[in-house]
Amino acid sequence: MLIKVKDHSVTGEEFELIQNTEYGFLETSPQPCSDKLPDYYKSEDYISHTDSQRNLFEKVYHLVRSISLKKKLKLINSCSLESKKLLDIGCGTGGFLKTALENNWTVSGIEPNEQARKIANKKTNNSVFETEQLSKFKPSSFDVITLWHVLEHLPNLENHIKVFKKLLKTNGTLIIAVPNYKSYDAKHYKQFWAAYDVPRHLWHFNKTSISKLVSKEHMKVLKVKPMWFDAFYVSMLSEKYKSGKMNPIKGLYTGLVSNLKSIKTKEASSLIYIIKND
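Residues numbered from 1 in each chain as written. Predicted model: local features only at pLDDT ≥ 70, side-chain atom pairs only at ≥ 80, totals over all residues. Heavy atoms only, no water.

Asker: Explain empty space enclosed by the protein residue by residue, including any values.
Answerer: Applying the stated rule across the entire model yields 1 cavity of 30 Å³ or more. Taken as a whole, the largest cavity encloses approximately 40 Å³ of empty space. (1 Å grid on protein atoms, 1.4 Å probe; cavity = no way out; pocket = protein on both sides within 12 Å on 5 of 7 lines; lining within 4 Å. Points joined across faces, edges and corners; volume = space filled by probe spheres on them.)

Asker: So what's going on with the pattern of salt bridges? Which residues, and what values?
Answerer: In the structure shown here, the tally under the stated rule is 10 salt bridges. Residue Lys118 is joined to Glu114 by a salt bridge in which the shortest nitrogen-to-oxygen separation is 3.6 Å. In this pair, Lys118 and Glu114 both sit in helix H3 (residues 114–123), 4 residues apart, roughly one turn of the helix. We classify Lys118 as exposed; its relative accessible area is 52%. (Salt bridge = Lys/Arg side-chain N within 4 Å of Asp/Glu carboxyl O. Helix = DSSP H or I, 4+ residues; strand = E, 2+ residues; numbered from the N terminus. Buried < 20%, exposed > 50% of the residue type's maximum accessible area, 1.4 Å probe, protein only.)

Asker: Tell me about the packing of aromatic side chains, and name the residues and values.
Answerer: Taken as a whole, this structure holds 8 aromatic pairs when the rule is applied. With centroids separated by 6.3 Å and ring planes inclined at 75°, the aromatic side chains of Phe15 and Tyr40 adopt a geometry described as edge-to-face. Within this pair, whereas Phe15 is found in strand S2 (residues 14–19), its partner Tyr40 is found in the loop between strand S3 (26–29) and helix H1 (56–77), the two being separated by 25 residues in sequence. Taken together, a centroid distance of 4.8 Å and an interplanar angle of 85° make the contact between Trp193 and Tyr196 edge-to-face. Positioned above the aromatic ring of Phe142 is the side chain of Lys85, whose terminal nitrogen or guanidinium carbon lies 5.8 Å from the ring centre. (Phe/Tyr/Trp six-rings, centres within 6.5 Å; stacked < 30°, edge-to-face > 60°. Lys NZ or Arg CZ within 6 Å of the ring centre and 35° of its normal.)

Asker: Can you break down H3 residue by residue, with the values?
Answerer: Residues of H3 that are buried: Ala116, Arg117, Ala120 and Asn121. Taken end-on, H3 shows its buried residues confined to a sector of 135°, consistent with a single buried face. Opposite its buried face, H3 presents the exposed residues Lys118 and Lys122, each directed more than 90 degrees away. Against strand S6 (128–129) lie the buried residues of H3. Sitting at the head of H3, Asn113 places a side-chain oxygen 3.2 Å from the backbone nitrogen of Gln115. (Arc of directions from axis to C-beta. Contact = heavy atoms within 4.5 Å. Polar contact = N/O pair within 3.5 Å; in protein donor to acceptor, adjacent residues only side chain to side chain.)

Asker: Any chance you could break down the nonpolar core for me, citing the residues and the numbers?
Answerer: Core analysis: the biggest nonpolar cluster contains 35 residues, and Ile145, Leu147 and Leu151 have the highest contact counts within it. Listed by contribution, the elements that provide at least two residues to this core are strand S4 (85–89), strand S7 (142–148), helix H4 (157–167), strand S8 (168–179), helix H6 (207–215), strand S10 (219–226) and strand S11 (270–277). In this structure Leu147 touches Asp88, Ile89, Leu154, Phe164, Leu174, Ile175, Ile176 and Ala177, once residues within four positions along its chain are discounted. (Core = buried A, V, L, I, M, F, W, Y, C linked by side-chain atoms within 4.5 Å.)

Asker: Can you break down unusual backbone geometry residue by residue, with the values?
Answerer: Following Ser29, the chain continues into Pro30 via a peptide bond in cis, with omega recorded as -5°. Positionally, Pro30 belongs in the loop between S3 and H1. The linkage connecting Val198 with the following residue, Pro199, adopts the cis geometry, with an omega of -5°. As for its position among the elements, Pro199 is in the loop between helix H5 (184–189) and strand S9 (203–204). Phi at Asn125 takes a positive value of approximately 55°, unusual for a residue other than glycine. Residue position: Asn125 is located in the loop between H3 and S6. In the Ramachandran plot, Asn126 falls in the positive-phi region, its phi being about 60° despite a non-glycine side chain. Within the secondary structure, Asn126 is located in the loop between H3 and S6. On the accessibility criterion, Asn126 (58% relative accessible area) is exposed.

Written out as structure tokens, the structure reads:
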């Protein structure tokens, strides 16, 4: 065991993080069984499953998300494309799919949460499906597959990577964004680091572990990009977990320090991996 971390969002339970010797990521232990896992998402504070803007924190979240959507669109547009077919795994309420659809992409999404899926389908002409649809797509169907802070939620990790490999076209692009437990803010907040988010986050990645994971399926990380906003969001939430109340100034300061340090270390709070299918 490396560290004990509390579920600050729903249950207050404690979980251990242990090192995976093969890949180098951290594993949440014990991991909830599949029929219990949805219970850990039953929180009004789980923003990605709603479009609510009840307070300043959520309003800022949605403002930042609108900026991020433009950056994500620019990223997928920069990929070498054949037919602009996109699959977004864990698409939430469909904001990214809607943006892509409006920019001439053919879109499909996977979202297990029923409430979020209903909202997403209203935005995407019913292009969002339950998880079972992954086995129904034809092989080599997509130019780009994206997972924006989703891979850390998925059980049966190696099997999912195999599925993404199968669904990608030759020379297709897999884009994965995940928190980075080697970042300054992770080391600063330790067990209070909000991006551990146990037990919803089953795995906790670093750059080496992502490269090893995808290389097993003959895919290669071409580029790693920082997600600058995440350091601020995660640090503010971490301050709340640590002290029991919001301290935005202290959180913003820590986020700034984390970003400045990551310019040299290349260890931002969250990282985007651009992965090519060989």
